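One-letter residues, chain by chain:
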Amino acid sequence: MVILGTIIVSALVIMTAIAPWIAPHDPAKTRVGPIREPPSPQFPMGTTHLGQDMLSRILYGGSIMLQVSALSVLVCFLIGVPLGLFSSYVGGVFDRACSLVIDAVYAFPGLVIAIAISAMLGRGVVNMALSIAVVYIPSYFRVVRSQVLSIKELTYVEAARGIGAKWYTILFRYVFPNVIPSIVVVTTINFADAVLTAAGLTFIGLGVEIHIPDWGRDLTSGWAYLSSGAWWIITFPGVMIILLALGFTLIGEGLSELLNPKLQR
Amino acid sequence: MGLRSYIITRILLTIPTLLLLLSMVFLIMRVLPGDPVALHFEKKATPEQMESMRRALGLDTPLWTQYIEYLGGLVDIGYILEHGYPNLGKSMQTFEEVGGQIFSAFPATLELAFYSMIIASVIGILLGVISSKSYNSILDHLIRGVGTVTYAVPIFFLGIVFQLIFGVYLRWLPTGLRINPAVDPPATITGLYTIDSLLQGNLFKFFESLKALLLPSLTLGIILSGIFIRMTRTNMLETLRLDFVTAAKARGLKESTVTYGYALRNAFLPILTMMGLQFAILLGGAILTETTFSWPGLGRYIVDRINFRDYTAIQGAVVVFGLFVTLVSLVVDILYAYLDPRIRL
Amino acid sequence: MPLLEIGSLTVDYPTSRGTIRAVEDVSFSLKKGETLGLAGESGSGKSTLGLSIIRLVPYPGVIVKGHIRIDETDIVKLREHEMRSIRGRKAAYIFQDPMTSLNPVKRIGAHFIELIRTHEPNTGKEEAFERTKTVVENLGILSERINDYPHQFSGGMRQRIMIGLAIALNPDLVIADEPTTALDVIVQAKILDLLESLRKVYGMALILISHDLSIILERCDKIIIMYAGHMLEYVTSIEMHRNPKHPYTQGLLQSIPNIELSDQKLVAIPGSPPDMLNPPKGCRFWPRCSYAKKICRVKEPPLIKVGRNHFVRCFLYGKKGVHVERNRKS
Ligand SMILES: Nc1ncnc2c1ncn2[C@@H]1O[C@H](COP(=O)(O)OP(=O)(O)OP(=O)(O)O)[C@@H](O)[C@H]1O
Ligand code: SF4
Ligand SMILES: [Mg+2]
């Protein structure tokens, strides 16, 4: 599973990276062909309602998703992990307050939060990433916290404390390495969720500008012209999003199974 | 602890959660950078226009006054008794009561959520049980594969594909709206068309509204079922190897008794809790589903309001989503306590 | 005609790290009303052997060879639904941990009623209910408690209930897998006494599994000593007292605290049981055996008859029949 997922994800990343060299047309350029032309030898994936080449847009279109999800995962990681480590390590009132807030965010419909924040911050890759990040910080926090609580009392951590190691030394030298496996799992699953949330935000009009090639964006415009029956504007971007999310999900599920053999009996 | 005192404690515990949640919404909508009024006009208004809008909506007072007013509006019993819904402020676009608009959109979401939940649970539990019972077989891998792929499908993509196939190509089912526009909706009792028409004994209207519900709730239900399959499978696998399941088999009980009466019956409690948690995901999905199918619920309301940059309305809808989730988790916890004999000490 | 007859039974657990042969080439038989003790260290395959008899070896275990005849019927070949009608009715199993053996969301009485009505579908609800009350009273539990849930019962009471469920349909054979290991010492003896008295009343055969040889010596007619999936010795308990043959058995006996001989030194067998993924070649016991010879490391000793109802798997016995003193120091 992990291998399959990695292959899918890296194929998509590479495809997006080399798009400028392999794309037959400028993805933003309108009227490179007739409007809404079904797939043909000249336009293997057809054209959009603005006469853009679908294939070129597909090749380029992963870039926004990848940027948004990578950025949001990074933000989640940088906030969620240290916060979780610190909060659960010091415990007490601080920890309880943090957990309460985090749990409230966690219980809230993620997309609704993302929508609210996104609506306030406006469009753009960074803003999208930030609003998605807020939704998934709790996942990191919770995983880290539960892990730390279970290893905090282990003898070698106690021993380190006994010989007078500083709290940050203990956290990063002794505790952090133990939570890495679970964080890796959360991160990959988070990637998949971020991709889907980004697509969702785009779909309801909080994504990037219309001319920018983006799978979510194109899928949305395909939907607007649904009654014309132009299936190619819908299917190709849709399948690409599925592949990307599936790739990350496979990695995440595979890893969590490897790391948690209990579920394998 | 008795069941009753558990319920009371649980309800009391909801209050700080709610307070936190409401403050969070306030924080996002008012304190975060981005002035709703300025955003609403997209720099196309004079300072005077903006000022009068602020005054009209009470956004000119200090933040903490706004905060108190916002919370106060929600618990203003007098207002609730008069209108039938809490005070969520006025729309920036239409200056109507946001509470009223939400109140009329909410039943559509509730109905969609209800049927999707049923579909997701039936598919999820059934396939999850089958999968766990045929552990590590081809069937198991197949079902797991379906679950994983389902998880990766953007919900609106499935909706669009359904619309394309059934609506555009086959022209079988109405796409959009809660009931065939040629049919009058049933008189409002609960606001759920299917239930209202049944209560009035009108089978025709019942089937018409069911028909309209079919694609949206299938879309949402199928997507959600992926998670349910996995949850059911994992929990069943854990339960199936517990001693009492083996002991039941050792007594020669029927396979179905062992699977359902022993394993599923016990796995069901954690599954129920997780379903409660998934409810938040369901509501997120509902927003996208409603948008795809022009389903006039709360989700589409929020998306519409985004287009008008109607921030008071967005805030109101977010609050209602939050209240709904909190209520569901309360109900789930109480149900759990009721179903688990160990809690009735 | 024996009630139970097992021949060359072999059970494997194919796992991702390799195949564990948890039971290998085990043969024995049991008459009606007889009691057999299965003793051996943890992991020696006692439960696997016991569960094979009701064909409930846990996943991924499979019976790869041999036969298990209950009343002349080879249950290894039975279809699943035929097997179900044997479980609970002809052969019942009592598990180690009573705390987890009852369905937490089912009332105690419902367990009985469901059992009775599954195997005797013509029984009415009322009748099943009355029978449940009688059984529960025979266990020394007030009959009104059948409306309670398992969590309202103590461990000892739950194990009584498990015994009750095992005997409710008057089976010919009861397999009790470490029925008292999870309980405290005072309760242990009471539970075993209850089991014994009910067994006598109903005339059932009993297979008692335990890692505690003293319990088995006290309560069983015949004894099988298991080690790493092999049957090392198969003997009557009288003969075992008098004349234990296998070095492992002798070691086990020496490690039983003996109250009469207060000056006797407790001797633990050195070493630990083998890794079942790579068991030692030859005799499985040789790495821990002080009598091990060269041949022991290369050839598996066969099970040989050394007396009436006495079989041993060890090269020390055989044509020449070398005798080993029981308390010989090594
Ligand atoms: N489900 C399983 N999968 C893989 N191996 C197993 C499984 N169950 C048992 N085994 C292996 O089979 C061997 C025998 O196990 P078994 O449970 O029969 O021993 P036991 O004598 O009953 O031990 P205990 O006294 O601990 O109950 C052990 O080495 C164990 O590792
Ligand atoms: S066969 Fe050899 S190693 Fe095995 S018990 Fe007998 S003497 Fe010891
Ligand atoms: Mg055992």
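Residues numbered from 1 in each chain as written. Chains lettered and ligands numbered in written order. Predicted model: local features only at pLDDT ≥ 70, side-chain atom pairs only at ≥ 80, totals over all residues. Heavy atoms only, no water.

Focus: the overall build of chain A
Here comes step 1: Across its full length, chain A carries 11 helices and 0 strands.
Here comes step 2: In sequence order, the secondary structure elements of chain A are arranged as α-α-α-α-α-α-α-α-α-α-α.
Here comes step 3: Oriented by its inertia axes, the alpha-carbon framework of chain A measures out at about 75 × 40 × 35 Å.
Here comes step 4: The 265 residues of chain A split such that 54% are buried. (Helix = DSSP H or I, 4+ residues; strand = E, 2+ residues; numbered from the N terminus. Buried < 20%, exposed > 50% of the residue type's maximum accessible area, 1.4 Å probe, protein only.)

With respect to the overall build of chain C
Here comes step 1: Within chain C, the regular secondary structure consists of 10 helices and 12 strands.
Here comes step 2: Computed over its C-alpha atoms, the radius of gyration of chain C comes to 21 Å, within 12% of the 20 Å expected for a compact globule of 330 residues.
Here comes step 3: For chain C, the C-alpha atoms occupy an extent of roughly 65 × 50 × 40 Å along the three principal directions.
Here comes step 4: Residues classed as buried in chain C amount to 54% of the 330 residues present.
Here comes step 5: For chain C, long-range pairs separated by at least 24 residues make up 63% of all intrachain contacts whose partners lie at least 6 apart in sequence.
Here comes step 6: Split by element, the accessible area of chain C, about 15,200 Å² in all, is 51% carbon and sulfur.
Here comes step 7: Of the side-chain charges in chain C, 46 are positive and 36 negative, and the distance between the mean point of each set is 7 Å. (Rg over C-alpha atoms; globule rule 2.2 N^0.38 Å. Contact = heavy atoms within 4.5 Å. Areas by Shrake-Rupley, 256 points an atom, 1.4 Å probe, with all protein chains shown as cover. Lys, Arg positive; Asp, Glu negative; His and termini not counted. Charge placed at Lys NZ, Arg CZ, Asp CG, Glu CD.)

A closer look at a nonpolar patch on the surface
Residue and element names in this part refer to chain A.
Here comes step 1: Together, Leu71, Leu74, Leu78, Ile79, Val126 and Leu130 make up a nonpolar patch on the protein surface, roughly 500 Å² of accessible area in all.
Here comes step 2: When contributions to the nonpolar patch are tallied by element, the ones reaching two or more residues are α4 (62–90) and α7 (125–151).
Here comes step 3: The greatest single-element share of the nonpolar patch, amounting to 4 residues, is contributed by α4.
Here comes step 4: Inspection of the secondary structure puts Leu130 in helix α7. (Patch = residues over 30% accessible without salt bridge, like charges linked within 9 Å, V, L, I, M, F, W, Y side chains within 5 Å. Salt bridge = Lys/Arg side-chain N within 4 Å of Asp/Glu carboxyl O.)

Considering the interface of chain A and chain B
Here comes step 1: Every contact between the two is made by 47 residues of chain A and, on the other side, 47 residues of chain B.
Here comes step 2: Across the interface of chain A and chain B, roughly 4,400 Å² is buried in total on both sides, 77% from carbon and sulfur atoms.
Here comes step 3: Here chain A is connected to chain B by 2 salt bridges.
Here comes step 4: The partner of Arg230 of chain B in a salt bridge is Glu253 of chain A, and the shortest N-O contact between them spans 2.1 Å.
Here comes step 5: The tally of links from chain A across to chain B stands at 6 residue pairs in polar contact (both at pLDDT 80 or more).
Here comes step 6: Every element with two or more residues in the side of chain A that touches chain B is listed here: α5 (92–107), α6 (110–121), α9 (167–206), α10 (215–224) and α11 (231–259) of chain A.
Here comes step 7: Per element, the largest residue contribution to the side of chain A that touches chain B is 13 residues, and it comes from α11 of chain A.
Here comes step 8: Tallied by class, residues from the side of chain A that touches chain B come to 35 nonpolar, 7 polar and 5 charged. (Buried area = accessible area lost by both parts, 1.4 Å probe. Polar contact = N/O pair within 3.5 Å; in protein donor to acceptor, adjacent residues only side chain to side chain. Nonpolar A, V, L, I, M, F, W, Y, C, P; charged D, E, K, R; others polar.)

Some thoughts on the side chain of Ser72 of chain A
Residue and element names in this part refer to chain A.
Here comes step 1: With respect to the element layout, Ser72 can be found in helix α4.
Here comes step 2: For Ser72, a relative accessible area of 0% translates into the label buried.
Here comes step 3: In contact with Ser72, other than residues within four places in its own chain, are Ala129, Ile132, Ala133 and Ala194.

Looking at the pattern of salt bridges
Here comes step 1: On inspection of all chains with the given rule, the structure shows 36 salt bridges over all chains.
Here comes step 2: The partner of Arg144 of chain B in a salt bridge is Glu257 of chain A, and the shortest N-O contact between them spans 2.4 Å. Taken together, the residues Arg144 of chain B in helix α7 (residues 138–152) and Glu257 of chain A in helix α11 connect one chain to another.
Here comes step 3: Judged by relative accessible area, which is 22%, Glu257 of chain A ranks as partly exposed.
Here comes step 4: The partner of Glu114 of chain C in a salt bridge is Lys106 of chain C, with the nearest N and O atoms 3.2 Å apart.
Here comes step 5: One salt-bridge network, in which partners are shared between bridges, spans Asp193, Glu196, Lys200, Glu218 and Arg219 of chain C.

Section: the state of the cysteines
All names here are of chain A.
Here comes step 1: Within the structure shown, the criterion is met by 0 disulfides over all chains.
Here comes step 2: In this structure Cys76 is a free cysteine whose sulfur lies 15 Å from that of Cys98, the closest cysteine sulfur available.
Here comes step 3: Taking the relative accessible area as the measure of exposure, Cys76 reaches 0% and is therefore buried. (Disulfide = S-S within 2.5 Å.)

Topic: the interface of chain B and chain C
Here comes step 1: Across the boundary between the two partners, chain B contributes 21 residues, which contact 26 residues of chain C.
Here comes step 2: For the pair chain B and chain C, the summed buried area comes to about 2,100 Å², and 62% of that belongs to carbon and sulfur atoms.
Here comes step 3: Among the residues of chain B in contact with chain C, Ala250, Arg251 and Pro341 of chain B are the three that bury the most area, contributing 28% of the side total.
Here comes step 4: Put simply, chain B and chain C have 1 salt bridge between them.
Here comes step 5: The interface formed by chain B and chain C holds 8 residue pairs in polar contact (both at pLDDT 80 or more) in total.
Here comes step 6: Mapped onto the side of chain B that touches chain C, the elements with two or more residues apiece are α11 (243–250) and α12 (255–292) of chain B.

With respect to the site of ligand 1
Residue and element names in this part refer to chain C.
Here comes step 1: Residues in close proximity to ligand 1 total 16 residues, the closest being Ser42, Gly43, Lys46, Ser47 and Thr48.
Here comes step 2: In this structure, an oxygen atom belonging to ligand 1 sits 3.2 Å away from a side-chain N or O atom of Glu178.
Here comes step 3: Sorting the residues of the shell around ligand 1 by element identifies β1 (4–15), β2 (18–30) and α1 (46–53) as the ones contributing at least two each.
Here comes step 4: Broken down by element, the shell around ligand 1 gets its largest block of residues, 3 residues, from α1. (Near = heavy atom within 4 Å.)

Structural notes on the side chain of Arg233 of chain B
Here comes step 1: Mapped onto the elements, Arg233 of chain B comes out in helix α10 (residues 203–240).
Here comes step 2: Those residues in contact with Arg233 of chain B that sit more than four places away from it in its chain are Gly128, Ser131, Ser132, Tyr135, Asp140 and Arg144 of chain B.

A word on the sheet that holds β1 of chain C
Each strand in a sheet pairs with its neighbour through backbone hydrogen bonds, running either in the same direction (parallel) or in the opposite one (antiparallel).
Residues and elements named next belong to chain C.
Here comes step 1: The strand order β2-β1-β4-β5 describes an open sheet built from 4 strands, whose pairing is antiparallel. A single partner strand is all that each edge strand has here, and the edge strands are β2 and β5 (73–74).
Here comes step 2: In this structure, β1 lies alongside strand β4 (residues 62–70), joined through 7 bridges in antiparallel fashion. Following the sheet pairing, Ile6 is matched in β4 by Ile68.
Here comes step 3: α1 contacts β1, β2 and β4 of the sheet and is inclined by roughly 120° relative to β1. (Pairing = 2+ DSSP bridges. Axes fitted to C-alpha atoms, helices over the stretch in contact; angles between N-to-C directions.)

Observations concerning α6 of chain A
All names here are of chain A.
Here comes step 1: Look at α6: 16 Å from first C-alpha to last across 12 residues, which is about the 16 Å you get at 1.5 Å a residue.
Here comes step 2: Taken across its 12 residues, α6 has 10 buried, putting it largely inside the fold.
Here comes step 3: Regarding α6, the residues found buried are Leu111, Val112, Ile113, Ala114, Ile115, Ala116, Ile117, Ser118, Ala119 and Met120. (Expected span 1.5 Å × (residues − 1).)

Thoughts on the packing of aromatic side chains
All names here are of chain B.
Here comes step 1: Applying the stated criterion to the full structure yields 25 aromatic pairs over all chains.
Here comes step 2: Between Phe106 and Phe324 the ring centres are 5.0 Å apart and the planes differ by 75°, which places this aromatic pair in the edge-to-face class. Taken together, the residues Phe106 in helix α6 (residues 98–133) and Phe324 in helix α14 (residues 311–339) connect sequence positions 218 residues apart.
Here comes step 3: Residue Phe106 is classed as partly exposed on the basis of its relative accessible area, which comes to 21%.
Here comes step 4: Its end group placed over the ring of Tyr151, Arg230 keeps NZ or CZ at 5.4 Å from the ring centre. (Phe/Tyr/Trp six-rings, centres within 6.5 Å; stacked < 30°, edge-to-face > 60°. Lys NZ or Arg CZ within 6 Å of the ring centre and 35° of its normal.)

Regarding the site of ligand 2
Here comes step 1: Among the 13 residues in the neighbourhood of ligand 2, the closest are listed as Cys283, Cys289, Cys296, Cys314 and Phe315 of chain C.
Here comes step 2: For the shell around ligand 2, the per-class residue count stands at 12 nonpolar, 1 polar and no charged.

So yeah, pure geometry; function would need other evidence.
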